[in-house]
Amino acid sequence: MPQDAEDEVDRIVDAWNRERPDLDFAPLHVLSRVGRLSKHLDRARRAAFTASDLESWEFDVLSALRRAGAPYQLSPKALLQQTLVSSGTMTNRIDRLVERGLVERRTDPSDGRGILVVMTSTGRDAVDAAITGLIAAESDLLGDLTSDDRERLTGLLRALSLTLGD
């Protein structure tokens, strides 16, 4: 795709420039594209998770456990920190994952009063299938970019993310 090709964002910004030449629409060039790309990413993620019979929130919890490494267990507090949800929401999510056989609750051996959320082999199989599908779908979305373009885009998005405190 040529660098000077126009997309819908260019047409929108051109129209705004015509109607409101007093404003600088430069942010729309970046963030409107990010918003549009986000919609493509959401569709790709939903498809990958659906193919693995997971909801996106289930993937979030299971992937946190999977990234923790064997024996794939974390405290509810650690899960809260990684998934950025409230305590009540996390309790509900753990309950639902237990019902589906994707995780188990176990007593923390280092603290008899605490519990650990432990991923089952069924949960591991589901999250492994989901991440495999997700990586394939996301690779397809980036397929027309060179590796140099991907690296540049990664660096720019990282810089923006860091300035926003994410």
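Note: the structure precedes this text.
These numbers come from a predicted model, not from an experiment.

A. Expanded view of unusual backbone geometry. For the bond running from alanine 70 to proline 71, omega is 10 degrees, close enough to zero to count as cis. Locating proline 71 in the fold gives a position in the loop between α3 (56–67) and β1 (73–74). A positive phi angle is found at tyrosine 72, which is not glycine, with a value near 55 degrees. Position of tyrosine 72 relative to the elements: it lies in the loop between α3 and β1. In the Ramachandran plot, leucine 84 falls in the positive-phi region, its phi being about 55 degrees despite a non-glycine side chain. Along the chain, the position of leucine 84 falls in the loop between α4 (76–83) and α5 (87–99).

B. Summary view of the nonpolar core. With 24 residues, the main nonpolar core has Phe49, Leu54, Phe59, Leu62, Leu65 and Leu79 as its most contacted residues. Where this core is concerned, the elements lending two or more residues are α2 (26–51), α3, α4, α5, β3 (111–119) and α6 (121–141). Counting residues per element, this core draws most heavily on α3, at 6 residues. If sequence neighbours within four positions are ignored, leucine 62 has contacts with Leu54, Leu102, Val103, Met119, Gly123 and Val127.

Reading the values: the criteria
- Residues numbered from 1 in each chain as written.
- Predicted model: local features only at pLDDT ≥ 70, side-chain atom pairs only at ≥ 80, totals over all residues.
- Heavy atoms only, no water.
- Helix = DSSP H or I, 4+ residues; strand = E, 2+ residues; numbered from the N terminus.
- Core = buried A, V, L, I, M, F, W, Y, C linked by side-chain atoms within 4.5 Å.
- Buried < 20%, exposed > 50% of the residue type's maximum accessible area, 1.4 Å probe, protein only.
- Contact = heavy atoms within 4.5 Å.

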